[in-house]
Structures are given as structure tokens and as C-alpha cells.
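# Residue-level structural notes
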Amino acid sequence: MYKKTLFRFLALLIVFSMLLTACKPSTEEPVVEPTEGGGPVPTEAKPVEPTEPSETEEVACPASTVADPMGVPAGTWPQQYELTEYEELANCKMSFSSREEFHPDLWTHGFLEGDLPPLEERLPAEPLVVQPYDEIGNYGGTLRMVSIGPEGGNSEHLSAKHVSLVRFSDDHKTIVPFVAKSYEYNDDFTELTFVLRKGHKWSDGHPFTADDILFWYNDVILNEELYPSTPSYWVFGGEPMRMEKIDDVTIKIYFAAPAPGLLTFIARSWIQTFVPKHYFEKLHIEYNPEANDVAVAAGLANWVEYFYKFHGDWQDSYHVYGIPKLESHILVDETTEYKIHAANPYFFIVDTAGNQLPYLDEQREGYAPDKEIIELMVISGEVDYKSQSIGVTSLPVLQENTESGNYTIQMPPGAGAGRMYTFNCTHQDPVLREIFADPRFSRAMSLALNRDEINQVLCFGLCRTQQGIPIHPSVSFAKPEWYLKDIEYDPDTANEILDEMGLTERDADGFRLRPDGEPFVIYNVYCPQAGDPVLHELTKEYWEDVGIRIELKEVTTVNYRTLTSVNEHDIGNFHIGGTSEAVVYSNPQAMLPPFGDSALSAMCGGPWYDWWMSDGASGEEPPEQVKYLIDLVEQWKVTIPYSEEYVSLGQETGDIFSENFWLIGTISESPQPTIVSNRLGNVPEIKIQTFDYFRTLPYRPFQWYIKE
Amino acid sequence: MADLGGLSGTGTASQPGLRGLQTEKELKYYTATQAQLIWWRFKKHRLALLGTSILAIFLIIVLFANFISPMDPFTRNSNYIFGPPQKLHFIDEEGTFHLRPFVYGVTNELDPETFQFNTVEDTSQAYPVQFFIKGDPYKLWGIIRTDIHLFGVEDGFLHLLGTDKLGRDLLSRAFFATRTSLTIGVIGMLFTFFLGLIIGGISGFFGGRVDDITQRLIEFTRSIPDLPLLMALAASLPKEWSPLRVYFSITFILALLGWTNLARRVRSKLLSLREADFIIAAKIAGSSDARIIMRHMLPSFMSYIIVDLSISFPYMIIAETSLSFIGLGLRPPVISWGVLLNESQNIKAISQHPWLFSPVVFVILAVLAFNFVGDGIRDAADPYAT
């Protein structure tokens, strides 16, 4: 017995070492452990038998999972294989199977006609083989999700059926093939090649080829009527990228400047970089000279309007049945209260046992206009997966009802920059500007904050107290000291610094006066959308304790944005979105003036931004250091990710932020409570809950299933 | 025969000087002034009396909010966040009765698993409630600097209505909210009331040209749309004003716009009264205009106005929060009933912290008291009615 185990292990080791030399590097997947190679083998799958090569042709493939690889070594990419790769590694021959019946509305809504062809013809010749997380699922069931409204707060639902050429693996680092079979950059990142899957088909059975990608780019994105200016995502070195078809399954993209960020963008974006040419050419003026007449007949002004009825970057902007998709689930029913998507009979992924995915028959997105109603739905067990709109403060209620609602709460971190304050360093009042632009003032204000108490009150102590840096601590080049600088609660030192700055005179109530003897009042105007207003009540008290008078005023988001976009605010306090590696790298907005999500929610430095955008025609010339920062970030954007230059430039950027205190951090974005129904299988531990990596996509929702 | 206000005679003593009047009580009744009659009648209305005493208590709260609150409404007790109301005890563990009530020390700790606060009473630590005790310093009416509070405990803490999300004492906050909501609400309401009464009164009494001009003025005022005006105000009010000041000026401006309805009603009532026999009689008797209005006309439709007033009071409280969406209402850190109730409007408060609703009791009491008193005054205002 022992001998056999040893023998098996050795054989596996040989296969594995051959593999290591044969395939590309860079996989994070743990090496197969010897005990697992000889471990117990489930009855339905035969073990790997390298000793008898003659029989391998007939051996069915082992139903390996991430939890139990059953001796199948890791492939080129974590948790997934190409068909031939899997057959070789497992030394088996895969046979395919699928669900018996598909949703009848796929026929009534005009996708399909007559009988479906056999499964072998529906799958690509080279299907993607994925290892389910825990077990081979069973077909059936509905994934019940809920969002605030059509196209509102529903990115997690969109992500659960999303497909793209490549996607992020659940390590949030490795970019793995998805619709594309493989990708390759040239050495200086000026060319990117995608190879597609032979025999891949749209949900109506029509072949999906390189032409569909070319059509998307050349005839949609570059069409000046559809997109009057090319979206910045596709522009590198000032020029739109260029795309060339090599053959039916190969496409090559050329850039005017190194574009190492494009692959990252495609992997994390909600945009699908292909459209079904055979469907859209009827609507496109260059392919159908009568496209305008078709549009007018449909009651619209011209072909562009009509085209947009069926197409949009945001993947639920269409409300029309019958558009061919590559997604796992296809829209079959839409009302004002819900949407139902049914399994795509032509989906290109199979599990390790050869079952065509997805397991889920349907995905249902219901609408609930109110966060409280969403909470109630969760509590009563009407929701299978939810994290958007659920905050830490809902935890006591949600935790109390886990049994009655039959769900588990996961607490992955978010990836935002957390709650931050900025005193307007480009204030219109010269006296205030001088005070606010002085890093000593921000440092004093930072030391005056009792972050531990903030953490307790707002976050049950679950957040991380930190200084304000627009780079998430999980980013590869992040320096720990950035986040720890001056975050201790030290009102005495804060008072000393303020005295040292000359703010020594005080009024009858003990509040400091401005150097010119005027009352010194700072208006903290805020909107509830930027986060729990309790934070402002707390910071008001901390800052008043060191003699800085604060007045609070609540306004609507629009009012707040008006104020900041015309540089009339004293304090910027809107949240800063994505700061995780993929986002800072492909779109480092928060690192540049006005240090916010966009010019709309400026923190400070609006006039600098105007100066920079208008090449000096309007706005104000920023100080040398800010100009240097702008150059630095521009330089950094085209470096190769994780390279030495990337790290050193990125670190220099962070250092500049650390010195200048443009942002005063409080607590990091809180953990994102994620509700996962206990009836949902193959959902792993969510490691980061964020739109930055498109929500659920790294956790492969196409292999989730309903256990009952 | 009119109801004699509980004075109908049972006595037998006769008064020879006054023909037909049997008793001293009857005599008293017929010689009483109108004010006395109103008061006698009002006293009979038990609910109105109850309402009056409640309003009296509210008045004390309004005047002495700092003093009767056990602590400053912004003092955070970080050891007792979302703390439930503490129980007042008279009998200790050993069953001994104490005349002076006491509370036990309480710990309130967050359970890291369930995210619920576990509240445990520590019966070894008893804190007797003491009166006129030193606490958070304050300035009474902005003048007298002191730190004496009506009641409180030494060393420990006393939260009779529990605490909110920042560990602030809800009872103290409710007292301060009462002060804000009642003063601002009532002042705004009274201002509307007097404007409507005076302008409507002038218009209806004099009629003719005066009436024409006043009516056109009313039509002009009514044609000004509220919402755009308020939004323009929201943008134009000096930003350094505190939310309280903004709200006060808004109620003032609302009053300047809102008097028209009442003025119209007063006018039409007066127009019809003007022709009544008793008014003509008063005119012939040589009464001045002011006397006729104040003495004869107003009392005869007082009941109607009082109903109007007591009904408009709850609207004032609702308006307080509804204005906030254009940045004009009361928002934290101002403490008002609306602000406190807003904080309790969620599932969490219902299922986990029901004591956050306790300020509702204040609102209900105030609204009921105003209605009872209004009801009583309305009945009493016309003491000759059957």
C-alpha cells in the first residue's frame, strides 16, 4: 500500500516538473501536496493512472476541485485549464454533458429557433475548464439578488454574469484568460495579442470571431457619431490604439506608447470589448445604408439613437430581448419590479467533470428602493447574495437573524480610501488659504482626532485607523509608515503646533482667532451620501477641543459638488473611490489635483487642476511640488507594473502625499458585510469586496450553484 | 338658562336687593366679568386642566433645560454607547428599602461576534440619585455660569432614557430638543397667527377700499411659489449662520408668507359679523372700532381660531424635518424633536435600541396638551353657550 502511494507520488512529481518547464511562469497556485496525490479518491471519478498509457483515452476526467485537486496538478493559470491542458495533466478524456432543458423564453424572445444542436456543437472546440471551489454543482435554481433600481446599485448583479476577454483571478493579482484563450504583450508593452477560442458561439449560435472585436472597436468605439471623442480608456500616448485581425481567432492591438495598464483595465472593467457584428450591422449606417430609415420607423431620430437602444458600455443599459451575448445568463424577462436572466445554452465554460456551466438556471434581480427594505429582505431570507448597500452599522440586525434568514455573513475589506478630510489648500480667502496650505495645520488637525473612538462609534472597531493616502495599503509598493504617520490622539501637541503657527489669540468662548483678529470659523458642509454624518459631529468636537471652531451644515450631494467644483468650500470630505492597485495603476485620479474622485468632488487644488487641464490658460499655477507630482504620476502611469521603476516612482508619489497632508485620514473604508445564503454552493471566502475588481467576478459566479 | 358653570344654586339664602336672583352663587355668576366666566368654565374641563399642567411642565423644561438635564446633551459617555435606560431602584439586593432611589453601575460591552451590546448591571456598585449636584458646566440663559444640575449621581452615570449612538444622554437631549422645537415652533406659529389675525381683521372690518387693497396683497403673496423661494433663500442666506439661526429665519419668512389663509378666513367671518345686530348695536352705542373688534367680534369667533392654532401646531413639528432636504431644516448638531426622531427611524432602532423612540412621548404629550388646552379654551371662550 505504502509503495503504491509512493509510486503515485513520484509519477505525479515527474508530470508536474515536466509541466513546470513547459508552461509559463507566474502562478500563485500552491504546489500539489504529496498527501493529496495519494489521498482518498471519490468513487465517481477514476484516479490518475499514469502506469497504463494505453487506457488513458477512455478514462473519464477526475472531477477535481480547488478544495480537492484529486492529484491534478495546477495548470498555467490558477483554478482553470484549457481543455487539452487538463486532459494532459489529468491523463484523461473529457466527455461533456449539459442540462436537459433551457428556459423556454429563450425561444419566445427570438434568440433561438427549433431544436438546440448537440452540446459538442454548442461548446467551443476549446472550452475553458474551471475547477469548482468545493464540489461539482447540480443544475437548477435561481440566484436571487436585489438592487436599488434598474441600473442603480446593481454592479454586483452585473458582475455575476459578466464576461470579458480576461479577468482577475481571486488572488486579485493574476490576470487569467476568460473569453480569450490567451494573451501576450510584447516586451515593451506596445503590442497586445489576444487569441480566441475556436468554435466559440454567441448565445444565438452564431460564431464569435475576431471580427466581432474589430467591429466593436473600429465601427463602434472609433465611430465619430457613436462616440464623438474616443473614450480615454482606449487612448495611449495621445492616440487611439490600433487593432488588427491576424486570423479568425487572433487579434493584435498596437499602442503609440507603452500601455501596460490596458490588460488590467479590460480585466477589471464592466465594459465588454466585443459586440455581435451579425446583429449590430443591420443597425449600423456603414453596413446598412437604410439604418436611418429603420430607426425612424422605430420612432427614433436617427440610427445612432437606435443603436444605443441595444448597446451601451454599462451592461444593462439595454432593455431589449434577443441581443446575442457571451454572458452566462441572458435576459429573458424584464418588468419594473425585477429582471430574470436564464442560462446561456452556448456558454463556453465547463467544469472539470465536463458539465457545461453555469449551474444556475436563472439569475433574478429584484428592485428595492430603500436600504432598509433590502435589509428586511435579507433578514427574511429572500436574498442569496448581497453586499452593495449593506453597511457595518447594519451588522447587529443582520447577525441576529442569520438563522432565520439562512445566510452567512462574510466580512471582506473594501478597497476604498476611507473617510478623509481636506482643508481647502486653494481657498479663495488669502488668510484661510495660508493657514490651510500649511502642512503644520493639517498635522495639528490630524493629531486632534481620536481615531480609536471614531472607529468604535462608526465601525464597531472593525476599521483600520489610518492617515490619508490615496493608495490602498494592499498596493504592492505601499509603505506602512504612510498610514501610521501622526494618527495618534495627541491634542496637546496639536495645541502647541497651532500656537506655534501664531493662532494664539482666542475669543470669549475660547476659540482661536485668525491672525488678522477676525473670528476663525470653518464650515464643514457635507452631504449624507459621502458617509455617516456622525463622523462630522465627532470631528467638530475634537477640533473645537483644540480651539478651532467648526460649523456643520448638511446639504444635498448636488449642492456639495457645486460648492467644491467652484472652489468655495472650506473642507473637502467626499469619499475617494478605488485606490486598489488595479485602479491606481490604470487610472490614478486621486493622486492628482484636486485629489478626489473627479473634478466634481474636489478635495483641494481645483484651480491647479484647471491650470493643468487648460495648459496654463485658466486656473492658478500650482506650486513647484504639485507640478512635480503631476509629472511623476504621468511618468509612473507608463511604467511596467511591479517593475523597479514602478515601485520607486509610486513610492515617491506616496511620500509627497505623506509630507504635504493634502488628505487627513480617519478610518479606512470599513469591512463590507457580504451576505451569502447558505443554500449557495461554491462561494469561497471573499477577499476584497470592491467594484475595483468588478465585485464577484474573481470568485467565478458561473460555478456557483444552489445546493437544494 | 345658561349653564352656570357649576354654580347653579342649591342654597336658600335670598338677596332682597336683587329681584329674581335666588342665591349668592347666582349673584356671583351674573356679576362676574367675562374673564372670570371663562376661567370657571375652563376649570370644569378636566382634560384642559391636565393639558395646561403638561404645558406648564414643558414651559419649565424650556426655561430651565440646562438645569434639569442631568448632563450636557453633547457629553459622550464612550463606556455606554447605545446604552439602554437605567432602572431606578428603591429596594437593594438585600431587600432593604431606600427612600433615596439609586441606580446600579452598568457595563455595556460590544460582543465582537454578534455586534450587539451586552448590558450587565453590577449590583455591588450603587449610585444614589442626588439633587443639586455638580456636573457639566453651562450658562443658564447665556448669563449665569454654573455647574449645578437638578439631579444626578456622583462618580457613576445616570441615563434614565438610555443613550444614543455616541453615548449621549437621551433624557438631556430630549429636554434640549423640547426647548428648540417648542420655542422656534411656537414663535413661528404665533407670528403667523397674529399677522393673519390683524391683517384679516382690518380687511374684514373696514371693507371697501382697504379690503380691496388687502385682498390684492393676499393674492400677490399667495402667488409666490414656496419651494423655489425657499431654495433661493437656501442659497442666499449667509453661510456662516448656524442651522438654528437659518431655521429661525426660515420660519419667520414662512410666517410672512403663510398668514394669508388665516387672514382670508378671519376677513370673511368679520364681513358677516359686521352686519350682525349686536355689532350694529355696539356701533350705535358709540363703541370705538378697536373695542368692537376686540370686545365683540374676536370673542365670537375665537373658538374657530383656537382650533386652527391647535391643529397647526403638529404641522410645525413635521415641517421642521421636511425642510431639511433643501438644507434649511434642523440637522445635527442642533437638537430638536425632529432630529432625535430622524435618528430612530430605522430597523436597527426598532429591533435593538427601542429607547431611541422615547422622545416620541414628548411630542405626543405636547401635541395632546395643545389640543386639550385648545379644546378647553374653545369651550370656555364662549361661556354663554349652552
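Conventions and cut-offs
- Residues numbered from 1 in each chain as written.
- Chains lettered and ligands numbered in written order.
- Predicted model: local features only at pLDDT ≥ 70, side-chain atom pairs only at ≥ 80, totals over all residues.
- Helix = DSSP H or I, 4+ residues; strand = E, 2+ residues; numbered from the N terminus.
- Rg over C-alpha atoms; globule rule 2.2 N^0.38 Å.
- Buried ≥ 20, exposed ≤ 12 C-beta atoms within 10 Å, placed from the backbone.
- Contact = placed C-beta atoms within 7 Å.
- Pairing = 2+ DSSP bridges.
- Nonpolar A, V, L, I, M, F, W, Y, C, P; charged D, E, K, R; others polar.
- pLDDT = per-residue confidence, 0-100.
- Axes fitted to C-alpha atoms, helices over the stretch in contact; angles between N-to-C directions.
- Parallel < 35°, antiparallel > 145°, perpendicular 65-115°, else oblique.
- Left-handed = near helix turned anticlockwise from the far one by under 90°.
- Core = buried A, V, L, I, M, F, W, Y, C linked by C-beta atoms within 7 Å.
- Domains from an automatic or database assignment.
- Expected span 1.5 Å × (residues − 1).
- Arc of directions from axis to C-beta.

### Some thoughts on the overall build of chain A
Counting its regular elements, chain A contains 25 helices and 25 strands. Here chain A has a C-alpha radius of gyration of 28 Å; the compact-globule value for 708 residues is 27 Å, and the two agree. Looking at the 708 residues of chain A, the share that counts as buried comes to 47%. In chain A, the share of contacts with a sequence separation of at least 24, taken over all contacts with a separation of at least 6, comes to 70%.

### Thoughts on the overall build of chain B
The number of helices and strands found in chain B is twelve helices and five strands. Going through the 386 residues of chain B one by one, you find that 29% of them count as buried. Look at the contacts in chain B between residues 6 or more apart in sequence, and 68% of them connect residues 24 or more apart.

### Examining the pairing of strand E3 (residues 142–147) of chain A
All names here are of chain A. The buried count for E3 comes to five of six residues, which makes it a mostly enclosed element. Pairing of E3 with strand E15 (residues 362–367) involves six bridges; the strand directions are parallel. In the sheet register, Arg144 faces E15, and the bridge partner there is Arg364.

### Some details on the interface of chain A and chain B
On the chain B side, the residues contacting the 27 residues of chain A number 23 residues. Taken together, the elements giving at least two residues each to the side of chain A that touches chain B come down to helix H12 (371–379), helix H13 (395–400), helix H17 (451–459), strand E19 (521–526), helix H20 (534–545) and strand E20 (549–554) of chain A. The greatest single-element share of the side of chain A that touches chain B, amounting to five residues, is contributed by H13 of chain A. Split into classes, the residues belonging to the side of chain A that touches chain B amount to twelve nonpolar, five polar and ten charged.

### Some thoughts on the confidence of the model for chain B
Residues and elements named next belong to chain B. Looking at chain B, the pLDDT average stands at 80 and 89% of residues meet or exceed 70. Within chain B, the lowest mean pLDDT, 74, falls on helix H6 (residues 226–236), and the highest, 89, falls on helix H3 (residues 46–68). Low pLDDT (under 50) marks residues 1–16, which in the prediction has 28 contacts with non-local residues, meaning those over four places away or in another chain. The ipTM, which scores confidence in the relative placement of chains, is 0.70 for this predicted complex, and the corresponding pTM is 0.77.

### So, the packing of helix H2 (residues 34–44) of chain B against helix H12 (residues 359–381) of chain B
Residue and element names in this part refer to chain B. One can describe the packing of H2 onto H12 by two numbers: an axis separation of 8 Å at closest approach and a directional angle of 135 degrees. In this view, H2 runs oblique relative to H12, as classed from their interaxial angle. Here the hand of the crossing between H2 and H12 comes out right-handed. Of the residues in H12, those touching H2 at Ile38, Arg41 and Phe42 are Gly376, Ile377, Asp379, Ala380 and Ala381.

### Describing the nonpolar core
By size, the foremost hydrophobic cluster in this structure holds 165 residues, and its most contacted members are Val166, Ile349, Ala444, Ala448, Trp662, Leu663 and Ile675 of chain A. Top element by residues in this core is helix H7 (residues 210–221) of chain A. It accounts for six residues. When residues no more than four places from it in sequence are discounted, the contact partners of Ala448 of chain A are Pro491, Ala494, Tyr542, Trp543, Asp545 and Val546 of chain A. Core analysis: the next-biggest nonpolar cluster, separate from the first, contains 33 residues, Ile38, Ile184, Val334 and Ala369 of chain B among them.

### A closer look at the domain arrangement of chain A
Domain annotation of chain A identifies domain 1 (2–90), domain 2 (105–275 + 311–412 + 673–706) and domain 3 (420–665). Across the boundary between the two partners, domain 2 of chain A contributes 14 residues, which contact 13 residues of domain 3 of chain A.

### With respect to the sheet that holds strand E17 (residues 407–410) of chain A
All names here are of chain A. Overall, antiparallel pairing links the three strands, which are arranged E16-E23-E17 in an open sheet. Whereas interior strands pair on both sides, the edge strands pair on one side only; in this sheet they are strand E16 (385–386) and E17. As paired elements, E16 and strand E23 (residues 674–677) share two bridges and run antiparallel to each other. Paired with Tyr385 across the strands is Val676, a residue of E23.

### Concerning the sheet that holds strand E18 (residues 420–423) of chain A
Residues and elements named next belong to chain A. Read from one edge to the other, the open sheet built from three strands follows the order E21-E18-E22, with strand pairing classed as antiparallel. For this open sheet the edge positions go to strand E21 (571–572) and strand E22 (664–665), each flanked by a neighbour on one side alone. Sheet topology places E18 next to E21; two bridges connect them, and they run antiparallel. Following the sheet pairing, Phe423 is matched in E21 by Ile571.

### What about the packing of helix H4 (residues 170–206) of chain B against helix H7 (residues 243–274) of chain B?
The contact between H4 of chain B and H7 of chain B brings their axes to 5 Å, and the two run at 35 degrees. As for the relative orientation of H4 of chain B and H7 of chain B, their crossing is right-handed in sense.

### Considerations on the environment of Val360 of chain B
Positionally, Val360 of chain B belongs in helix H12. Separated by 19 residues in sequence, Val360 of chain B and Leu341 of chain B place their C-alpha atoms 7.1 Å apart.

### Thoughts on helix H8 (residues 277–284) of chain B
Judged by how many residues are buried, H8 of chain B sits mostly at the surface: zero of eight residues are covered. Gly286 of chain B sits one or two residues past H8 of chain B and shows a positive phi near 90 degrees.

### Description of the confidence of the model for chain A
In regions of low pLDDT, the predicted coordinates are not meant to be interpreted in detail. In this model, chain A carries an average pLDDT of 86, and 91% of its residues clear a pLDDT of 70 or more. Across residues 17–56 of chain A the pLDDT falls below 50, and counting only partners more than four positions away or on other chains, this stretch makes 54 contacts in the model.

### Quick look at helix H24 (residues 624–637) of chain A
All names here are of chain A. When the terminal C-alpha atoms of H24 are compared, their 20 Å separation across 14 residues agrees well with the 20 Å that a helix rising 1.5 Å per residue should span. Restricting attention to buried positions, one finds in H24 the residues Val626, Leu629, Trp636 and Lys637. End-on view of H24: buried residues confined to an arc of 100 degrees, all on one side of the axis. Opposite the packed face of H24, turned more than 90 degrees from it, sit the exposed residues Glu624, Asp631 and Glu634. The elements touched by buried residues of H24 are helix H8 (261–268), helix H23 (606–613) and helix H25 (644–660).

### Quick look at the pairing of strand E10 (residues 242–247) of chain A
All names here are of chain A. With five bridges connecting them, E10 and strand E11 (residues 250–254) associate as antiparallel partners. Bridged to Asp247 within E11 is Thr250. Linkage of E10 to E11, two consecutive antiparallel strands, is achieved through a turn of two residues.

### Comments concerning the environment of Thr250 of chain A
Residues and elements named next belong to chain A. Positionally, Thr250 belongs in strand E11. Under the C-beta neighbour-count criterion, Thr250 is labelled partly exposed, with 16 such atoms within 10 Å. For Thr250, the residues in contact, after removing those within four places along its chain, are Thr193, Val195 and Ala210.

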